[in-house]
Amino acid sequence: MMPDNPAPYLTDWLIEIGPAAPGGDPLGWRDLAAWQDITGIELEPWEGRLIRRLSTDFVSQRHKAEKADCPPPYTGIEDDIPAMRQRVSAQIAAIFG
């Protein structure tokens, strides 16, 4: 279950711009300025800061997700990792029986 999104247009814009810069780094101010120039959309300062923050969080989570024991960011089970490991072990045991 994903959390409520009170400003879906901002996440739409983030995806349109690209959640990360071409090199895999978070979006920078130049990336946002170029997008604004091309689209004619003028971001409010808070919108630009939020899009950059979302990009930073995306890149950070992408790096964390490379680890095998990283829980999905949308489950909310970070406090129950031992139980999650038990469930995964049980699922693997069931598969390989």
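Use the structure listed above.
Attention here is on the structure that accompanies the text. What you are looking at is a predicted structure, and each value in this text was computed from that prediction instead of being measured.

**Considerations on a nonpolar patch on the surface**
Reasoning step 1: Taken together, V88, I92, I95 and F96 make up a surface patch of nonpolar side chains, about 450 Å² in accessible area.
Reasoning step 2: The topology assignment puts I95 in helix 4 (residues 81-96).

**So, the side chain of S55**
Reasoning step 1: Tracing the chain through its elements places S55 in helix 3 (residues 45-64).
Reasoning step 2: S55 sits in the buried class, given a relative accessible area of 0%.
Reasoning step 3: Beyond its immediate stretch of four places on either side in the chain, S55 contacts L14, P19, A20, P26 and L27.

**Section: the pattern of salt bridges**
Reasoning step 1: Summed over all chains, the structure comprises one salt bridge.
Reasoning step 2: Among the salt bridges present, the one from D57 reaches R53, with a minimum N-O distance of 3.3 Å. Here D57 pairs with R53, and both are found in helix 3, just four residues apart, close to one helical turn.
Reasoning step 3: Using a relative accessible area of 37% as the deciding quantity, one classes D57 as partly exposed.

**A word on the packing of aromatic side chains**
Reasoning step 1: Overall, the coordinates contain two aromatic pairs when judged by the stated rule.
Reasoning step 2: A ring pair is formed by Y9 and W13, whose centres lie 4.9 Å apart and whose planes are at 85 degrees; its orientation type is edge-to-face. Taken together, the positions of Y9 and W13, both in helix 1 (residues 8-17) and four residues apart, correspond to about one turn of that helix.
Reasoning step 3: Y9 sits in the partly exposed class, given a relative accessible area of 33%.
Reasoning step 4: Note on W13 and W35: the rings are 5.5 Å apart at their centroids and 55 degrees apart in plane angle, and the pair reads as tilted. Residue W13 is located in helix 1, and its partner W35 is located in helix 2 (residues 29-39); the two are separated by 22 residues in the primary sequence.
Reasoning step 5: You can call W13 buried: its relative accessible area is 18%.
Reasoning step 6: Since its relative accessible area comes to 7%, W35 is described here as buried.

**Some details on helix 3**
Reasoning step 1: In this model, helix 3 (20 residues) spans 29 Å end to end at C-alpha, consistent with the 28 Å of a helix rising 1.5 Å per residue.
Reasoning step 2: Residues of helix 3 that are buried make contact with helix 1 and helix 2.

**Some points on the nonpolar core**
Reasoning step 1: By size, the foremost hydrophobic cluster in this structure holds ten residues: A7, L10, W13, L14, I17, L27, L32, W35, L43 and I51.
Reasoning step 2: The set of elements that each furnish at least two residues to this core consists of helix 1 and helix 2.
Reasoning step 3: In terms of residues, this core owes the most to one element, helix 1, which gives four residues.

What counts and how
- Residues numbered from 1 in each chain as written.
- Predicted model: local features only at pLDDT ≥ 70, side-chain atom pairs only at ≥ 80, totals over all residues.
- Heavy atoms only, no water.
- Patch = residues over 30% accessible without salt bridge, like charges linked within 9 Å, V, L, I, M, F, W, Y side chains within 5 Å.
- Areas by Shrake-Rupley, 256 points an atom, 1.4 Å probe, with all protein chains shown as cover.
- Salt bridge = Lys/Arg side-chain N within 4 Å of Asp/Glu carboxyl O.
- Helix = DSSP H or I, 4+ residues; strand = E, 2+ residues; numbered from the N terminus.
- Buried < 20%, exposed > 50% of the residue type's maximum accessible area, 1.4 Å probe, protein only.
- Contact = heavy atoms within 4.5 Å.
- Phe/Tyr/Trp six-rings, centres within 6.5 Å; stacked < 30°, edge-to-face > 60°.
- Expected span 1.5 Å × (residues − 1).
- Core = buried A, V, L, I, M, F, W, Y, C linked by side-chain atoms within 4.5 Å.

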